[in-house]
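# Commentary on secondary and tertiary structure
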Amino acid sequence: MNKNLTTLAARFSVLALAAAACAAQAGTLVINTDASNPAPKAAWEAMAKGFMAANPDVTVKINTFDHEGFKTSIRNFLTAEAPDIVTWYAGNRMAPFVNAGLFEDVSDVWAKEGLNDKLKSAAASMTQKGKQWGIPYTYYQWGIYYRKDIFAKNNIAVPKDWKELIAASAKLKAAGVTPFAIGTKALWPTGAWFDYLNMRVNGYEFHMDLTAGKVPYTDKRVQEVFDRWDDLTKPGYFLANHASYDWQDALPAFVKGEAAMYLMGNFAVDPMKKGGLTEAQIGFMQFPKINNVPMAEDAPTDTIHIPAKAKNKVDAKRFLAYAASAKVQTEVNAILGQLPVNKDATKPSDVYLKDGFAMLSNAYALGQFYDRDAPAEMAKAGMEGFQRYMVKPETRKEVLERLEQVRQRVYK
């Protein structure tokens, strides 16, 4: 090849590389999600359409997986053919990908967009090693739903602390009403009780340390959690035979007025209403204070991340900033029927979502739920143990010793 052709070839190569770089920065943005259900799928399509309208130089391509398929394949595509954006979860569920170097540090997006203030309640659950690794875009509240009419009939005020909750429970039991509906056949409702008792007794940081395997289940601070649980289990303040009911099976007791309270996620409101209850009958309250620790809440949070091996990180960061905005989170969560994390988002009109928005926007921090915060094997053993304890409180010692054996094996 002569000198002129060599020079032309070199120039062409440089131009090709430059074109490829431009295409990577302002071309296609590939997003992998598990938004296979109708509402999440519609929400993501709306978000992609809005982003492309605001950024006409970018084409968004969404790859949608079913939930279980996504869980099993995410590590593979993060290490091989990484997309530019992936959906996942906050807290300890995020940690393995951060520790493996598979998620990109996006602290610069948080700083530039003022997200430590706007997404304050979720900041702790998005932070590892002093840095932020994604954007939370939707969550929903957990809390105690209660029968306003039954409380009024028995002259019970909404409990603000543990002492008042126990007194209310005793009054209800004396009136022939079971204080708490619950169904533990599917185990996970027990996780909510453990989460809230532990976060109210020992605080958010201790709860995160425990679910991360750093604290023995035989620790005296865990024993104190079960001391408070004893306040409810031993007097029989939970629905009898709850181990034979799924959570939906326990709803009729609440609807019929046989039980007055239900610790559950906001998704329970719709079946409560379909069962015949009205907003005049259903109230919502924050899980009451126990010890003098900051009030953290359970709020399973869906998140958006940039894989460390993403090809188009420039546009991916633009997308994260877009998805974190108050306007977009308002619109997306109207489709999802859930709550925006951005505290400047428009408050939802639904009375229960409105209460949840106020509570979560002011929360100290957010737990992701026991079976998200703990590894799968530990979560399974934990919830099996919680159920056994709730059925037979006298087994508490052996339950905690068993959980400690599992902890030592799981977190090697």
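Right, let's walk through the structure included here. (Residues numbered from 1 in each chain as written. Predicted model: local features only at pLDDT ≥ 70, side-chain atom pairs only at ≥ 80, totals over all residues. Heavy atoms only, no water.)

### Quick word on the pattern of salt bridges
To keep things clear, this is the line we draw: A pair is scored as a salt bridge if a Lys or Arg side-chain nitrogen falls within 4 Å of a carboxyl oxygen belonging to Asp or Glu. In this text, helices come from DSSP runs of H or I with a minimum length of four residues, and strands from runs of E with a minimum of two, each type numbered from the N-terminal end. Relative accessible area decides the class of each residue, using a 1.4 Å probe on protein chains only: under 20% of the type maximum gives buried, over 50% gives exposed, and in between gives partly exposed.
On inspection of all chains with the given rule, the structure shows 25 salt bridges. Across the pair Asp302 and Arg372 runs a salt bridge, and its minimum N-O distance is 3.8 Å. Of the two residues, Asp302 sits in strand β12 (residues 301-305) while Arg372 sits in helix α18 (residues 370-373), which places them 70 residues apart along the sequence. Taking the relative accessible area as the measure of exposure, Arg372 reaches 16% and is therefore buried. In this structure, a network of salt bridges that share partners links the residues Asp227, Asp230, Lys234 and Arg396.

### Some words on the sheet that holds strand β10 (residues 282-285)
Applied cut-off: At least two DSSP bridges between two strands are required for those strands to pair. Every angle, taken between N-to-C directions, lies between 0 and 180 degrees, and every axis is a line fitted to C-alpha atoms, over only the stretch in contact when it is a helix. Residue contacts follow a heavy-atom distance rule, with two residues in contact if any of their heavy atoms lie within 4.5 Å.
Judged by pairing direction, the sheet is mixed, and its four strands sit side by side in the order β8-β9-β7-β10 without closing on themselves. Of all strands in the sheet, those bounded by a partner on one side alone are β8 (178-181) and β10. The sheet shows a mean angle of 25° between the axes of neighbouring strands, direction not considered. Contacts between helix α10 (residues 188-201) and the sheet are confined to β7 (142-147), β8 and β9 (259-265), with β9 contributing the most and set at about 90° to the helix.

### A short note on the packing of α10 against helix α19 (residues 376-391)
Heads up, the condition is: Angular relationships are summarised with four words: roughly parallel below 35 degrees, roughly antiparallel beyond 145, roughly perpendicular across 65 to 115, and oblique for the angles in between. Put simply, Ala, Val, Leu, Ile, Met, Phe, Trp, Tyr, Cys and Pro go in the nonpolar bin, Asp, Glu, Lys and Arg in the charged bin, and everything else, Gly too, in the polar bin.
Contact geometry of α10 with α19 gives a least axis separation of 8 Å together with a crossing angle of 85°. The angle between the axes of α10 and α19 places the two elements in the roughly perpendicular class. From α10, Trp188, Thr190, Gly191 and Phe194 reach across to α19, where they touch Met383, Phe386, Gln387 and Met390. Taken together, the residues of the contact of α10 with α19 sort by class into five nonpolar, three polar and no charged.

### Here's the deal with the nonpolar core
Going by this rule: Residues grouped as a nonpolar core are buried Ala, Val, Leu, Ile, Met, Phe, Trp, Tyr and Cys residues, joined through side-chain atoms within 4.5 Å.
By size, the foremost hydrophobic cluster in this structure holds 135 residues, and its most contacted members are Trp193, Trp229 and Phe319. If we skip the residues at most four places from it in the chain, Trp193 touches Phe180, Ile182, Trp229, Leu232, Phe238, Leu263 and Phe287.

### Looking at the layout of surface pockets
Heads up, the rule is: Space inside and on the surface of the protein is sampled on a 1 Å grid over the protein atoms alone, with a cavity defined as a set of points where a 1.4 Å probe fits but cannot get out and a pocket as an open set with protein on both sides within 12 Å along at least 5 of 7 lines; lining residues have an atom within 4 Å of a point. Grid points are joined across faces, edges and corners, and a volume is the space filled by probe spheres set on the points.
The volume enclosed by the largest pocket comes to roughly 1,000 Å³. Lining the largest pocket are 33 residues; nearest its centre among them are Tyr140, Pro300, Asp302, Gln338 and Arg372. Those elements that place two or more of their residues in the lining of the largest pocket are α2 (38-54), α3 (67-79), β3 (85-89), β6 (135-139), β12 and α18. At four residues, α3 tops the list of elements feeding residues into the lining of the largest pocket. Classifying every residue of the lining of the largest pocket gives 16 nonpolar, nine polar and eight charged. When its volume is computed, the second largest pocket comes out at roughly 760 Å³. Taken together, 34 residues make up the lining of the second largest pocket; nearest its centre are Asn92, Arg93, Ala95, Pro96 and Asp373. Among the secondary structure elements, those contributing two or more residues to the lining of the second largest pocket are α3, α4 (95-99), α7 (120-126), β4 (127-128), α11 (204-211), α18 and α19. Of the residues forming the lining of the second largest pocket, the biggest block, five residues, is contributed by α11. For the lining of the second largest pocket, the residue count by class is 16 nonpolar, seven polar and 11 charged.

### A word on the packing of α2 against helix α15 (residues 313-324)
Filter applied, for reference: Crossing chirality is assigned from the near helix's rotation relative to the far helix, an anticlockwise turn below a right angle marking it left-handed and a clockwise turn marking it right-handed.
Look at α2 against α15: their axes get within 11 Å of each other, and the N-to-C directions meet at 115°. By the angle between their directions, the pair α2 and α15 is classed as roughly perpendicular. α15 is crossed by α2, and the crossing has right-handed handedness. Contacts from Trp44, Met47, Gly50 and Phe51 of α2 reach α15 at Asp315, Arg318, Phe319, Tyr322 and Ala323. A class-by-class count of the residues in the contact of α2 with α15 yields six nonpolar, one polar and two charged.

### Some words on the environment of Ala376
By the element assignment, Ala376 lies in helix α19. Considered as a pair, Ala376 and Val410 are 34 residues apart in the sequence and their alpha carbons are 9.4 Å apart.

### So, the packing of aromatic side chains
Let me state the cut-off plainly: A pair of Phe, Tyr and Trp rings is counted when the ring centres sit within 6.5 Å of each other, with Trp represented by its six-membered ring. The angle between the planes then sorts it: under 30 degrees is stacked, over 60 is edge-to-face, the rest tilted.
A full pass over the atoms with the stated rule returns 39 aromatic pairs. Look at Trp193 and Phe287: their rings are 5.7 Å apart centre to centre, the planes differ by 75°, and that puts the pair in the edge-to-face class. Within this pair, whereas Trp193 is found in helix α10, its partner Phe287 is found in the loop between β10 and β11 (297-298), the two being separated by 94 residues in sequence. By relative accessible area, Trp193 is classed as buried at 1%. On the basis of relative accessible area, Phe287 is assigned to the buried category, the value being 0%. Taken together, the aromatic side chains of Phe65, Phe70, Phe77, Trp88, Tyr89, Phe97 and Phe103 make up a single cluster linked through ring pairs.

### Focus on the sheet that holds β6
Strand pairs in the sheet, formed through backbone hydrogen bonds, run parallel or antiparallel to each other. Pairing is mixed in the open sheet, where five strands are placed in the order β2-β1-β3-β12-β6. With partners counted over all chains shown, the strands left at the sheet margins are β2 (59-64) and β6, one partner each. For this sheet, the mean angle separating the axes of adjacent strands, direction not counted, is 25°. Across four bridges, β6 lies against β12 in antiparallel orientation. Note on β12: the bridge partner recorded for Tyr139 is Thr301. Lying over the sheet, α3 contacts β1 (28-33) and β3, oriented at roughly 135° with respect to β3.

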